[in-house]
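Structure assessment
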Amino acid sequence: MQIKLNSEFIKLDSLLKLSGIASTGGVAKMFVQNGDVKVNGETCLMRGKKIRKGDRVEIFEEIIEVE
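The structure contained in this document is the topic of the report that follows. (Residues numbered from 1 in each chain as written. Predicted model: local features only at pLDDT ≥ 70, side-chain atom pairs only at ≥ 80, totals over all residues. Heavy atoms only, no water.)

**Here we look at the packing of aromatic side chains**
Counted under the stated rule, the structure contains one aromatic pair. Residues Phe31 and Phe60 carry aromatic rings whose centres are separated by 5.0 Å and whose planes lie at 85 degrees to one another, so their mutual orientation is edge-to-face. A residue pair is termed long-range when its members are at least 10 positions apart, and Phe31 in helix α2 (residues 25-33) and Phe60 in the loop between β6 (56-59) and β7 (62-66) qualify at 29 residues. Its relative accessible area of 11% is what places Phe31 among the buried residues. In this structure, Lys50 is placed above the aromatic ring of Phe9, and the distance from its NZ or CZ to the ring centre is 4.7 Å. (Phe/Tyr/Trp six-rings, centres within 6.5 Å; stacked < 30°, edge-to-face > 60°. Helix = DSSP H or I, 4+ residues; strand = E, 2+ residues; numbered from the N terminus. Buried < 20%, exposed > 50% of the residue type's maximum accessible area, 1.4 Å probe, protein only. Lys NZ or Arg CZ within 6 Å of the ring centre and 35° of its normal.)

**Concerning the pattern of salt bridges**
Under the defined criterion, the tally for this structure stands at three salt bridges. For the salt bridge of Arg52 with Glu8, the shortest nitrogen-to-oxygen distance reads 2.9 Å. Of the two residues, Arg52 is situated in strand β5 (residues 50-52) and Glu8 in the loop between β1 (2-3) and β2 (9-11); the sequence distance between them amounts to 44 residues. Its relative accessible area of 58% is what places Glu8 among the exposed residues. (Salt bridge = Lys/Arg side-chain N within 4 Å of Asp/Glu carboxyl O.)

What follows is the structure, encoded as C-alpha cells:
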C-alpha cells in the first residue's frame, strides 16, 4: 500500500489510522505498544514517531510505503 504525504511528515499513529489498519487512535497506540509495528525494518515503540517520505512501515504482513 502506498500513502502520499502532502506535508513534511505524519505521526506513526496517524498513518495507521489513515491507512485503515487502525480504526482509532487507541487501537493504533495498542499496536505500537505491543511491538507489532516496524519502521524501516526496526520495531518501533513510539506512536508519535515522525514518518517521512521514503519510510516503510510494516504491520501484520501489510507494508505501507510513504511517498
